[in-house]
Structure formats: structure tokens, C-alpha cells
Amino acid sequence: MPPFKQAISELFPPKSHFTAKDVPDLSNKVMVVTGGNSGIGKETIQVSNLLRSVFRITYPEAIWNPSQELLKNNAKVYMAARSRTRAEEAINELEVKTGKRAIFLELDLASLDSITRAARDFQRQESVLDVLFNSGGVMNPPIDDLTTDGYDMQFGVNCLGHAHFTLLLLPQLIAAAKLSSDGKARVVNVSSNGAYGAGGVGIYFDAMTDTPQRKAKGVGLYGISKYGNVVFSDELAKRYGDQGIVSTALHPGSIETNLARYWPRWVMRIVKFLLLYPVEYGALTPLWAGTSPETKDFNGKWLIPWARVGKIGPSKDPKIGEKLWDWIEEQRKGHY
């Protein structure tokens, strides 16, 4: 768990020191954003007008638009998403707003073979990848939902799927780091404050497939999947930091996205009224992690809203990183 003061400040973040004006020119930079047709992924790609809320006193300045910044600042952006129709709608919308067009990359994070095809499709088009934003995800789907390969939907998509995608794209990330003026390429892993609770109990590998143990975990599976993001990010940082990879994990803030689409509507209304910020704010910390010169040496860091370094409690298992890495590699066999 984080320090109490940090936990409160994450619910009600102070004004950000990082704004849209701080995003540098991204010309000749290649970036991939998963889940880019909606939610935080879309907002990371685009920029839209932001309105103040009558009930909020802790927003960053309302003129800050975190949405169109990648395209606006001349990056070549691949929108990795499952639905071509929804992605094309988002791409067209972004083109109207920015004059720049993102590129659709078909990616179903619930299928290891689909992830492999997406990575190979990208590799046929690009030799380098400067920044990978792992921002897609799912939260509290029906307990019977499994991935194509039979994994728990949340862990399979949020953790295993993104890990498989990242590892497939490591050659392009390392190549980009070698060519970059700062010697870096970045992987931004969007986690959640849901990871805090799971850190104290660990990852239940016997609950990752359709077992009685999985159903017994119930709503705790989301936190475990988000903790998996943090553990994978840290292990990636340890293993590839010396090759220029900067791997960070982050809590984007309490954001109103379609991630909680499986929640009852009355619950969502209450939570939205009391705690949630507009989706535009959810892109602020990922953009800071992925584009700011300030964060180029943040390998292995845990970031919190808005654009700050935080602390996340140590796992009860000091070998959890190695165990998760080995488990991921075992699941990837036959899907390269």
C-alpha cells in the first residue's frame, strides 16, 4: 500500500507541473497506443476541449488538453485496437481535429495469436518503435468471461496480453533506443491504484485459468491484473534497462472511461459524481512518462497523477518478478 498521504493525493491530485506546452516535438518518432480507439488510449493520441466541473477544485488548468498531443506534435501513431470500425471512427475524428491521421493496427489483447499477428504487421512496416503505450484494458467483466486461450479475461488482457505484445516488439524498441539522441525507448504501462491491494497478497497463478480458485477471487482479479502490470514493468526495467529501455508503470488517476462498463449504472453514477475526473486527464501522466525529457531516466519508476513519482509497497514475495516473467514466457510458447 502507498503512504496514506500519497493515497489521498492520488484521489485529489495537486495541480500538475506538466502541461501540453511541455510535450516536445515528436517528429520522426514512431509510437503505438493500445486501446487507442477509446478511453485513455484515445485521449493520449488526441486533444479535445476540456471543461471545468462545478464540483472539482483540484483539476489541472482547464486549458490543458492531453488528447491530441502525439499527433499534434508530429509523431507517427499506430492505434492498436480490436474493432476496425470503432478505430476508423476515432481516427477520422482525430484527423478532423489535428489534420494528422493515425494508423490502425488490428490487435485483440484477448488472443495471443492476434497479438502476434499485430506485432508482425507492425514489424513489416516499421524497423523502430520509440514509445509503446500499453493502455488498453478491461475491468470486472462477467466472471465466466475468458480469453480466446482460456485465461481469466482481466489478467489475460491487462497483463499477459500486453506483456506478449511488448516482448514481441522489443527488437524495434531496442533499435529505436540505439538511434535515439538520448539512447532511450520507452514502454509506458498503464496500471491502476487497484494494484495497491494486490501487492500485499501477490499473484495467484492458479487463478489465471478457469479454475475454482479464479472464481473465488471474484472482484479481486482486476487488482491482481493491474499489479501484474507493475511487476512486469519492473522486471522489464531490470532486464532491459541496460539496452536503453525505459519501462514505467503508472496510476493515471480516477478517470471516467468505459473500462467500468460492466458496473451497475447506479454504482457508476455515484462513483462518477464523487471521485471521477474526465477522461482527458487520464492521458496526462502517460504523456509525461512517454514524451517528457524529464522522465527519460525513470526506468522502473511508479508514477501517479498528475505527472508525479510515487511509491508502491514492496511485494511479500521478493521473487515475484522472476516468477511472473517465467510464467509469461511459458504461456507464450507456440504463439511467436
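Above this text sits the structure in question.
On a predicted model such as this, the values are computed, not experimentally measured, just so you know.

Undergrad: How should I be thinking about unusual backbone geometry in this particular structure?
TA: Working note: non-glycine residues mostly have negative phi, and peptide bonds are mostly trans. Following proline 305, the chain continues into tryptophan 306 via a peptide bond in cis, with omega recorded as -20°. You will see that asparagine 28, though not glycine, has its phi angle at about 70°, which is positive. Positionally, asparagine 28 belongs in the loop between α1 (4–11) and β1 (30–34). The phi dihedral of asparagine 74 falls on the positive side, at around 80°, and the residue is not glycine. Here asparagine 74 lies in the loop between α3 (69–72) and β2 (76–81).

Undergrad: Is there a simple way to explain the packing of aromatic side chains in this structure?
TA: How two aromatic rings sit relative to each other is given by the distance of their centres and the angle of their planes. Applying the stated criterion across every chain, the model contains eight aromatic pairs. Between the aromatic rings of tyrosine 151 and tryptophan 327, the centroid separation amounts to 5.9 Å while the plane-to-plane angle is 75°, which identifies the pairing as edge-to-face. Of this pair, tyrosine 151 sits in the loop between β4 (131–134) and α6 (153–168) while tryptophan 327 sits in helix α13 (residues 320–332), and the two are 176 residues apart along the sequence. With relative accessibility at 10%, the residue tyrosine 151 sits in the buried group. Where phenylalanine 232 meets tryptophan 325, the ring centres are 5.6 Å apart and the plane angle is 15°; that geometry is what we call stacked. Placement of the pair is phenylalanine 232 in helix α10 (residues 220–240) and tryptophan 325 in helix α13, with a sequence separation of 93 residues. For the pair formed by phenylalanine 232 and tryptophan 325, the shared burial category is buried. Every member of this aromatic cluster is reached through a ring pair, and the members are Tyr151, Phe155, Phe205 and Trp327. The cationic tip of lysine 217 hangs over the ring face of tyrosine 204; the distance from NZ or CZ to the ring centre is 3.5 Å.

Undergrad: Which parts of the structure should I look at to understand helix α7 (residues 170–179)?
TA: At 3.6 residues per turn, the α-helix brings residues three or four places apart onto the same side. All buried positions along α7 are accounted for by Leu170, Gln172, Leu173, Ile174, Ala176 and Ala177. Buried residues along α7 sit in contact with α5 (112–125), β4, α6, β5 (185–190), α10 and β6 (245–250).

Undergrad: Any chance you could explain the pattern of salt bridges here in plain terms?
TA: If the charged atoms of two oppositely charged side chains come close together, the side chains can form a pair. Enumeration over the complete set of coordinates arrives at 17 salt bridges. The salt bridge partner of glutamate 88 is arginine 101, with a shortest N-O separation of 3.1 Å. Residue glutamate 88 is found in helix α4 (residues 84–98), and its partner arginine 101 is found in the loop between α4 and β3 (103–106); the two are separated by 13 residues along the sequence. Taking relative accessible area as the criterion, arginine 101 reaches 39% and is therefore assigned partly exposed. Across the pair glutamate 322 and lysine 319 runs a salt bridge whose closest N-O atoms are separated by 3.9 Å. According to the relative accessible area criterion, glutamate 322 is partly exposed, its value standing at 40%.

Cut-offs and rules
- Residues numbered from 1 in each chain as written.
- Predicted model: local features only at pLDDT ≥ 70, side-chain atom pairs only at ≥ 80, totals over all residues.
- Heavy atoms only, no water.
- Helix = DSSP H or I, 4+ residues; strand = E, 2+ residues; numbered from the N terminus.
- Phe/Tyr/Trp six-rings, centres within 6.5 Å; stacked < 30°, edge-to-face > 60°.
- Buried < 20%, exposed > 50% of the residue type's maximum accessible area, 1.4 Å probe, protein only.
- Lys NZ or Arg CZ within 6 Å of the ring centre and 35° of its normal.
- Contact = heavy atoms within 4.5 Å.
- Salt bridge = Lys/Arg side-chain N within 4 Å of Asp/Glu carboxyl O.

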